[in-house]
Amino acid sequence: MRWHCLQHLPDEGPGHAGGWLAAHGHTLTFTRLFEPNPVFPALAEFDGLLILGGAMSVYDEAVFPWLAPEKAFLREVLRAGKITLAICLGAQLVAQALGGEVRPNPEPEIGFWTVRFSAKALTHPLLRGWPDKATVLHWHVDTFTVPPGAMRVGMSAGCAAQGFVWGEGIICLQFHPEMTEEMVEKLMAFENHETAEEAEFIQTAAQIRSKLKSVWKGRKLIEQLLENMVALHEQETTILN
């Protein structure tokens with residue numbers, strides 16, 4: 001399967017997702033939006049789209065002008081019904097494109113917190129094999145409302161919308177199942193989190209480090225999800241042929 005990745009920051013790469021795709025013989029190409037003159041592929045050049053996170057907001061077009069063509073590209077992808085996995089900022093961009101609202105979360109959510117997955121969402125083919133809850137990494141200030149026609153994936157104590165599925169092959173997650181331990185360390189350095197104080201939904205750097213083994217729970221989620229997405233693509237290909 002041919003995957004394409006929209007990457008917004010140098011240190012926020014595909015992580016566990018990229019590892020699984022490579023190990024299972026799938027290709028992964030990139031549009032790196034932090035580089036000069038990013039180019040988006042033609043729709044015929046990829047089967048699945050992976051949209052990663054970033055420190056910017058969906059409303060920061062004046063500072064990050066590539067957000068405007070990225071949004072236009074995403075609208076084309078959604079109209080075409082491409083299989084899509086969007087994470088954090090990526091999920092917010094897709095939510096906005098589908099008619100949801102992106103706004104500040106009541107409180108920032110930073111650290112490892114438990115997400116409870118909706119029983120209804122767990123019946124969706126993309127979420128086959130997921131548990132009813134998991135402790136995963138969060139790092140966001142904004143959130144989104146679930147777009148019209150979409151189904152909420154789950155919630156945490158700090159965030160009412162931890163993701164949604166739209167149609168058969170589009171899933172968006174507010175949390176970060178893709179991040180490795182090394183990526184979490186780089187994210188803390190990028191955000192100057194060493195001096196951050198504990199708050200209701202903010203863990204300190206020491207608290208986050210004490211829970212780093214939980215990235216393996218995220219890895220299991222994203223690997224099962226990708227397996228389900230590949231199976232969906234194979235089914236669609238069989239039907240078309």
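Note on numbering: residues in each chain are counted from 1, in written sequence order. Per-residue local features of the predicted model are confined to residues with pLDDT of at least 70, and side-chain atom pairs are confined, for both listing and counting, to 80 or more; whole-chain, interface and lining totals are unaffected and use all residues. Hydrogens are left out, water is left out, and the side-chain values use all remaining heavy atoms of the structure.

(A) Broad picture of the overall build of the protein chain. Helix and strand counts for the protein chain come out as 6 helices and 10 strands. Dimensions along the principal axes, computed over C-alpha positions, put the protein chain at roughly 55 × 40 × 35 Å. For the protein chain, buried positions account for 53% of its 241 residues. Any two residues whose heavy atoms approach within 4.5 Å are treated as being in contact. Taking the intrachain contacts of the protein chain between residues at least 6 apart in sequence as the baseline, contacts between residues at least 24 apart amount to 75%. Of the roughly 10800 Å² of accessible surface on the protein chain, 54% is carried by carbon and sulfur atoms. On the protein chain, the mean spot of the 19 positive side-chain charges and the mean spot of the 28 negative ones are 6 Å from each other. Every helix listed is a DSSP run of H or I at least four residues long, and every strand listed is a run of E at least two residues long, numbered separately from the N terminus. Each residue is placed in one exposure class: buried if its accessible area under a 1.4 Å probe, protein chains only, is under 20% of its type's maximum, exposed if it is over 50%, and partly exposed if it falls in between. Values of accessible area rely on a 1.4 Å probe in the Shrake-Rupley scheme; residue burial ignores everything except the protein chains shown. For the charge count, each Lys or Arg is scored as positive and each Asp or Glu as negative, with His and the chain ends excluded. Charge placement uses NZ in Lys and CZ in Arg. For Asp and Glu, CG and CD serve respectively.

(B) Representation of the UniProt feature "domain: Glutamine amidotransferase" (unreviewed entry) in the protein chain. Using the residue numbers shown here, the UniProt feature "domain: Glutamine amidotransferase" (unreviewed entry) corresponds to residues 43–187. Taken end to end, residues 43–187 is 21% helix and 34% strand, and its two terminal C-alpha atoms sit 31 Å from one another. UniProt positions are given in the numbering used here, feature names are shortened, and annotations may be inferred rather than shown by experiment.

(C) Layout of helix α2 (residues 67–80). Compared with an ideal rise of 1.5 Å per residue, which puts 14 residues at 20 Å, α2 spans 20 Å between its outermost C-alpha atoms and is within 8% of the ideal. Residues Leu 67, Glu 70, Lys 71, Phe 73, Leu 74, Val 77 and Leu 78 constitute the buried set of α2. All buried residues of α2 lie within an arc of 160° about the axis, which places them on one face of the element. Structurally, α2 contributes buried residues whose contacts are with β1 (2–7), β3 (48–51), β4 (83–87), α3 (89–97), β9 (163–166) and β10 (170–173). Positive backbone phi, approximately 75°, marks Gly 81, located one or two places after α2. In this scheme, a helix's expected span is set at 1.5 Å multiplied by one less than its residue total. The arc in question is the one traced by the directions running from the helix axis out to the C-beta atoms.

(D) Representation of the sheet that holds β10. Between any two strands, at least two bridges found by DSSP are needed for them to pair. Across the sheet, which stays open at both edges, the 7 strands sit in the order β2-β1-β3-β4-β10-β9-β7 with mixed pairing between neighbours. Both outer strands of the open sheet, β2 (27–32) and β7 (151–152), are each paired with one neighbouring strand and no more. Pairing of β1 with β2, which is carried by 6 bridges, proceeds in the parallel orientation. Note on β2: the bridge partner recorded for Arg 2 is Thr 27. Angular values range over 0 to 180 degrees, each being the angle between N-to-C directions of two axes fitted as lines to C-alpha atoms, with helices fitted over their stretch in contact. Along the sheet face, α2 touches β1, β3, β4, β9 and β10 and points at about 145° away from the line of β3.

(E) Local environment of the side chain of Thr 84. Residue position: Thr 84 is located in strand β4. At a separation of 3.0 Å, a polar atom in the side chain of Thr 84 contacts the main-chain carbonyl oxygen of Lys 82. Setting aside its immediate chain neighbours within four residues, Thr 84 contacts Leu 49, Ile 51, Val 77, Gly 169, Ile 170, Ile 171 and Met 229. For this analysis, a polar contact is any N or O atom pair within 3.5 Å, provided that within protein one partner can donate a hydrogen and the other can accept it, and provided that sequence-adjacent residues contribute only side-chain to side-chain pairs.

(F) Up close: the environment of Lys 186. By secondary structure assignment, the location of Lys 186 is in helix α4 (residues 181–190). Look at Lys 186 and you get partly exposed, because its relative accessible area is 36%.

(G) Structural view of the nonpolar core. Ranked by internal contacts, the top residues of the largest apolar core, which has 33 residues, are Trp 3, Leu 85, Trp 130, Ile 171, Leu 225, Leu 226 and Met 229. Listing elements by their share of this core, those giving two or more residues are β1, α1 (15–23), β4, β5 (102–117), β6 (133–144), β10 and α6 (215–240). Per-element accounting of this core gives the leading share, 7 residues, to α6. Buried Ala, Val, Leu, Ile, Met, Phe, Trp, Tyr and Cys residues form a nonpolar core when they are joined through side-chain atoms within 4.5 Å. If you look at the next biggest cluster of nonpolar residues, it comprises 28 residues, including Leu 33, Met 56, Val 77 and Phe 144.

(H) Main features of the pairing of β10. Residues of β10 alternate between two faces, with Ile 170 and Cys 172 on one and Ile 171 and Leu 173 on the opposite face, all of them buried. Where β4 lies against β10, 4 bridges are found, and the strand directions are parallel. By the bridge assignment for β10, Leu 85 is matched with Ile 171. Two successive antiparallel strands, β9 and β10, enclose a turn made up of 3 residues, where Gly 167 displays a positive phi of approximately 70°.

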